[in-house]
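Geometric and topological summary
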Amino acid sequence: MTHIILHPGQMKLAQLEEILNSTGAIRLAASAKAGIIEAAEKIHLAANSGNAIYGVNTGFGKLASVKIPGSDTAKLQRNLILSHACGVGEKTETGIVRFMMALKLLSLGRGASGVRWQIIEIIEAMLEKGVTPVVPTQGSVGASGDLAPLAHMAAVMIGEGEAEYNGRTMTGGEALHAADIKPVELAAKEGLALINGTQFSCACALAGLFYAWANAENCTVTASLSTDAIMGSTAPLQPEIHELRGHRGQIEVAAGMRALMAGSQIRESHRDEDARVQDPYCIRCQPQVSGACIDLLRQAARTLQIEANAATDNPLVLVSVDKIVSGGNFHAEPVAFAADQIALAIAEIGAISQRRIALMVDPNLSFDLPPFLSPDPGLNSGFMIAEVTTAALMSENKHLANPCSTDSTPTSANQEDHVSMAAHGARRLMRMNDNLTNILAVELLCSVQGIEFRAPLKTSAPLAAVMENVRRTIPSLSEDRYMAPDIASAATLIKSGQIVASCEKSPLDALGDLQ
């Protein structure tokens, strides 16, 4: 049976995306075992030394000054999990929970958390056998780590909480029993190691990042279609323009659009003697706007790749200097900033796409396309309200893009007096991406319809292949019909990757790894 091997501190973005989409076994590399065991031995010695060490033989948070006797070590860790498993709201989707569990393995695999190898084995077994903790989406403020979401994960490991197994929701104990997995009794610090960390926020942010990147690729295709539909100029795509500015994303988007539109008869038909001097910004400035967005996404990717490979619990076992030290790696400020960057990019990609839709349905601006792209306007409303829907989605994303990282509030009796809000900053990204996908779906439908009105002139070969793909499932809008299924089908084509695949080659380079 094939499985994914995790190499702590070394995972690349493409590997992280593979983990997100995996439904099979995920395991730590065997090379991580020795470091994990060595750190666990140091925690065991410290727990029996008589010295007060946070989280090992003390209370937590504001109660850190309370010394706990060694006889209560196991109960201390169990109580920590049960008391912190107080999330609320909808349950997190299975793929994100599994991704969070894999990221926790990566963090523990750095050999600085002090957990026994048994902790690694039970997480691996749950992933392999399909025991997925039920994790409510709300409750984390992003410091001290994602306490509530991770506590719901850890609760299942000790036979408590709820889990999904074989399509059913049951108690954690029942799920482990059904999967023939023995619950673990937590040793010193292990509960704290499991719930201190940024893995929930990071999993949500990375999922949002990968989705946003796919939307950015699709936007480059729909922008090219829209440019041909309104008989826009390709002069602003001239490479020298973009090289003079120097931004990688801008250069890349312009190159992608040039390749997609090369050979278009529509473009050649108005290259000379076109009365229009310039196109509106939503056409002319697509490389500058969308390019800036993909640059933002790459910056966020760099942060999240580092975070996914990081040890983020507390205290940390510094084996090389023989110390156990309290720090603050659980604070998810880097993730919060990355999530805010991704949100800005999503909102702006949708904003400029929406303006192209508005351009195509407006007979005053669309260069002789019929009103609302209907062959019989008046009796038919065509894409009139589809454009209104995109305006609503665009506006919603603008509100959702407001920063979360600037909204701190003190918690835990002011012991934890500055927090990141990374969790809901990252969670909103899926909703924003869904909104963006639907905006792009309407742009796809409008631009394909617009190009068909330019017959007998033809678009380029890559864009014609996209149109053929669309028309296999969504017929041309000859008269008004129930519109919602068309938008849903177009969104499915986008989300499945079929639109970009129709072009044979992605219009953008890969998201990339750390340089």
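Residues numbered from 1 in each chain as written. Predicted model: local features only at pLDDT ≥ 70, side-chain atom pairs only at ≥ 80, totals over all residues. Heavy atoms only, no water.

Right, let's get into the side chain of T437. Tracing the backbone through its elements, the reader meets T437 in helix α17 (residues 422-452). Once residues lying within four places of it in the same chain are set aside, the contact partners of T437 are Y211, N215, A491 and I494. (Helix = DSSP H or I, 4+ residues; strand = E, 2+ residues; numbered from the N terminus. Contact = heavy atoms within 4.5 Å.)

For the rest of this paragraph, the subject is helix α18 (residues 461-471). An α-helical segment advances 3.6 residues per turn. Residues three or four places apart therefore align on the same side. Those residues of α18 not exposed but buried are L463, V466, M467, N469 and V470. For α18, the buried positions fall inside an angular range of 160° around the axis, keeping them on one side. Of the exposed residues in α18, the ones pointing more than 90 degrees away from its buried face are A461 and E468. (Buried < 20%, exposed > 50% of the residue type's maximum accessible area, 1.4 Å probe, protein only. Arc of directions from axis to C-beta.)

Right, let's talk about unusual backbone geometry for a bit. Of note, the bond from A143 into S144 is cis; its omega dihedral lies within 30 degrees of zero at 5°. Considering the arrangement of structural elements, one finds S144 in the loop between β5 (136-138) and α6 (147-157). With omega at -5°, the peptide bond leading from N314 into P315 counts as cis. Within the secondary structure layout, P315 lies in the loop between α14 (286-308) and β8 (316-318). Residue F367 is not a glycine yet carries a positive backbone phi of 55°. Examined against the element boundaries, F367 turns out to sit in the loop between α15 (333-361) and α16 (384-400). For F367, a relative accessible area of 27% puts it in the partly exposed group.

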